[in-house]
Amino acid sequence: MDQQAEKIKPKNTGTKKVFDNPILERLTRTHISVPITILMTIAAGLLYVAFVYTDYTHLTPLYVVGLYFTGFFLFTLIEYIAHRYLFHMKPTNEFKRKVQYALHGLHHEYPKDKDRLAMPPIMSFLLAIIFFFVFRALMGTMVFGFLPGFITGYCGYLFVHFIVHAYNPPNNIFKGLWLNHAVHHYKDNTQIFGVSSQLWDYVFGTIKK
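Numbering of residues begins from 1 in every chain and follows the order in which that chain's sequence is written. Local features in a predicted model are, by the rule used here, given only for residues with pLDDT of at least 70; side-chain atom pairs are given and counted only at 80 or more, and totals for whole chains, interfaces and linings are based on all residues. Calculation of side-chain values draws on the structure's entire complement of heavy atoms; hydrogens and water are dropped beforehand.

Colleague: Explain the environment of histidine 108 here, please?
Modeller: A helix here means a DSSP run of H or I that spans at least four residues, while a strand means a run of E at least two residues long, and both kinds are numbered starting from the N terminus. Turning to its location among the elements, histidine 108 is positioned in helix α6 (residues 94-109). Considered as a pair, histidine 108 and tyrosine 186 are 78 residues apart in the sequence and their alpha carbons are 8.9 Å apart. Definition of a polar contact: a pair of N or O atoms within 3.5 Å, with one able to donate and the other able to accept a hydrogen when the atoms are protein atoms, and with sequence-neighbouring residues admitted only if both atoms are side-chain atoms. There is a polar contact of 3.3 Å between the side chain of histidine 108 and the side chain of histidine 184.

Colleague: What exactly am I supposed to notice about the environment of histidine 88 here?
Modeller: Along the chain, the position of histidine 88 falls in the loop between α5 (61-86) and α6. Separated by 102 residues in sequence, histidine 88 and threonine 190 have C-alpha atoms that sit 8.2 Å apart. A polar atom in the side chain of histidine 88 sits 3.1 Å from the side chain of histidine 184.

Colleague: Any chance you could explain the confidence of the model for the protein here in plain terms?
Modeller: It should be kept in mind that the predicted coordinates are not to be read in detail where pLDDT is low. You can read pLDDT as the predictor saying how much it trusts each residue, on a scale of 0 to 100. In the predicted model, the protein carries a mean pLDDT of 87, and 96% of its residues have values of at least 70. Within the protein, α5 carries the highest mean pLDDT (96), whereas helix α1 (residues 3-7) carries the lowest (45). Counting interchain partners and residues more than four positions distant, the pLDDT-below-50 stretch residues 1-6 has 16 contacts. Residue contacts follow a heavy-atom distance rule, with two residues in contact if any of their heavy atoms lie within 4.5 Å.

Colleague: I'm lost on the side chain of arginine 29 in this one. Help?
Modeller: With respect to the element layout, arginine 29 can be found in the loop between α2 (22-27) and α3 (33-52). Residue classification places arginine 29 among the buried positions, given a relative accessible area of 14%. Within the structure, arginine 29 has its side chain in polar contact with the side chain of aspartate 113 (distance 3.5 Å). The residues touching arginine 29, leaving out its near neighbours within four places in the chain, are Thr15, Lys16, Asp113, Asp115 and Arg116. Burial classification: accessible surface area is computed with a 1.4 Å probe over protein chains only, and a residue below 20% of its type maximum counts as buried, one above 50% as exposed, and the rest as partly exposed.

Below, the structure written as structure tokens:
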């Protein structure tokens, strides 16, 4: 188990103040519905452009659908990679330790803090804008079909992440995801990095049996 995991003991109640300034502190918190609403509105707007302004995008409806599901699928891989290698980076020096704690260690210390189960809305909006320009540069107008799928994947991750932390294990399709994420938090945080899907855990051998 890595160094960070040994230091952090999950607390199932309470929260932790990040900033003394009340405005900055408030900006670190959000209800899960806020970023999902903002991001899905952006995704809907992009899809509207893709389907309606075909003279500009040069995309057929079938191609847009294909791009959408490609973006959704790619997000599941990005989710896995970011969780495994960024959020759980080894704290080999003080700088990495602080970055890792700010990004994810705080969540592992207070896993049931409902106000910190998603990035603040401002960060979500800025990341959506950044991803738009990055993918626009890489794939041109295909971004109008691809990015909505990518955003939908992220919103699906937010939704699943929220319900597995905020509620008891459900008797439905989310139960397996709930149990696997509980193993990651309370048993072994070097395993099971997928939240919305364990596909890549099976591919890369990080699923705990």
